[in-house]
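Fold and contact review
Chain by chain, the residues run as shown.
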Amino acid sequence: MSSIQSGTSEGHSGKLKDSSLLSVLGVTSMQEMLLALTSLDGLSNAMRKAGLESTNLIFGIDYTASNKYQGEGCFEGRSLHTIQPGLENPYQQVIKIMGKTLAPFATSNFIPVFGFGDVKTSDWSVFKLKPEGECVDLDDVLRVYNAITPTVALSGPTNFAPLIYQAIAI
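Residues numbered from 1 in each chain as written. Predicted model: local features only at pLDDT ≥ 70, side-chain atom pairs only at ≥ 80, totals over all residues. Heavy atoms only, no water.

Moving on to the overall build of the chain. Within the chain, the regular secondary structure consists of 7 helices and 3 strands. Tracing the chain from N to C terminus, the helices and strands come up as α-α-α-β-α-α-β-β-α-α. Counting only residues that meet the buried cut, the chain has 37% of its 170 residues in that class. A sequence separation of at least 24 residues applies to 61% of the contacts in the chain between residues at least 6 apart. As displayed, the chain has an accessible area near 9,900 Å², and 55% of this comes from carbon and sulfur atoms. (Helix = DSSP H or I, 4+ residues; strand = E, 2+ residues; numbered from the N terminus. Buried < 20%, exposed > 50% of the residue type's maximum accessible area, 1.4 Å probe, protein only. Contact = heavy atoms within 4.5 Å. Areas by Shrake-Rupley, 256 points an atom, 1.4 Å probe, with all protein chains shown as cover.)

Next comes the structure, spelled out in structure tokens:
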């Protein structure tokens, strides 16, 4: 998420007003930006200054077998989807970070959450993590993720197209 552009033109020169996160923070590289941002609230404020007004939040959870293999090298040999009391897996961390960062901009009263890449959907479809409806807030997203994930059989291959088409339909 290196920049958010606004399409405001300035006069007849044809130049677009630059409202990237880099310019809002007064830095010139992603590395400097990461050093300048010290909190999720700071990131949300910078996004607001860069012109983000609203968003429709959607989560896509990758249930491909690569999560098992990647976890072997970077998550102490566990799948990146390991649900264990007292241990926050990378997906739980990202759900919290994205939710806290983007929640102030959410315009709907629901959060769609889809899984893909499992044995049932493979690379051609998605499934709702909450079949009876949408999640109502971030806590609901985490609750549903924690309940469903241990029952999902990882597979693949990775294909984002079905998730993108689902997001477009929403």
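All right, on to a nonpolar patch on the surface then. Together, Phe-160, Ile-164, Tyr-165 and Ile-168 make up a nonpolar patch on the protein surface, roughly 490 Å² of accessible area in all. Structurally, Tyr-165 is set in helix H7 (residues 161–169). (Patch = residues over 30% accessible without salt bridge, like charges linked within 9 Å, V, L, I, M, F, W, Y side chains within 5 Å. Salt bridge = Lys/Arg side-chain N within 4 Å of Asp/Glu carboxyl O.)

Time to look at the packing of helix H5 (residues 90–102) against helix H6 (residues 138–148). Remark: H5 packs on H6, axes separated minimally by 10 Å, with the N-to-C direction vectors making an angle of 165°. One finds that H5 runs roughly antiparallel with respect to H6. Judged by the sense of rotation from one axis to the other, the crossing of H5 with H6 is right-handed. In this structure, H5 uses Tyr-91, Gln-92, Ile-95, Lys-96, Gly-99 and Lys-100 to contact H6, whose residues at the interface are Leu-138, Val-141, Leu-142, Tyr-145 and Asn-146. Taken together, the residues that form the contact of H5 with H6 break down as 6 nonpolar, 3 polar and 2 charged. (Axes fitted to C-alpha atoms, helices over the stretch in contact; angles between N-to-C directions. Parallel < 35°, antiparallel > 145°, perpendicular 65-115°, else oblique. Left-handed = near helix turned anticlockwise from the far one by under 90°. Nonpolar A, V, L, I, M, F, W, Y, C, P; charged D, E, K, R; others polar.)

Turning our attention to the environment of Gly-133. Within the element layout of this structure, Gly-133 appears in the loop between strand E3 (127–128) and H6. Counting along the chain gives 21 residues from Gly-133 to Pro-112, while the straight-line C-alpha distance between them is 8.2 Å.

So, about the packing of aromatic side chains. Applying the stated criterion across every chain, the model contains 3 aromatic pairs. When the ring centre of Phe-75 is taken as origin, the NZ or CZ atom of Arg-78, which lies over that ring, is 4.7 Å away. (Phe/Tyr/Trp six-rings, centres within 6.5 Å; stacked < 30°, edge-to-face > 60°. Lys NZ or Arg CZ within 6 Å of the ring centre and 35° of its normal.)

With that out of the way, let us pick up the pairing of strand E2 (residues 113–116). Regular strands show a simple pattern: their side chains alternate between the two faces of the sheet. Alternating residues of E2 divide into Val-113 and Gly-115 and Phe-114 and Phe-116, and every residue in both groups is buried. Bridge analysis of strand E1 (residues 59–62) against E2 gives 4 bridges, and the strand direction is parallel. Paired with Gly-60 across the bridge in E2 is Phe-114. Two elements, E2 and E3, share 2 bridges in a ladder whose sense is antiparallel. (Pairing = 2+ DSSP bridges.)

Moving on to the packing of helix H3 (residues 40–49) against H5. For the pair H3 and H5, interaxial distance at closest approach is 8 Å and the crossing angle is 45°. As far as their axial angle goes, H5 and H3 are oblique. Between H3 and H5 lies a crossing of right-handed hand. Only Ile-97, Lys-100, Thr-101 and Leu-102 of H5 make contact with H3, whose side of the interface consists of Leu-40, Leu-43, Ser-44 and Met-47. The residue makeup of the contact of H3 with H5, split by class, is 5 nonpolar, 2 polar and 1 charged.

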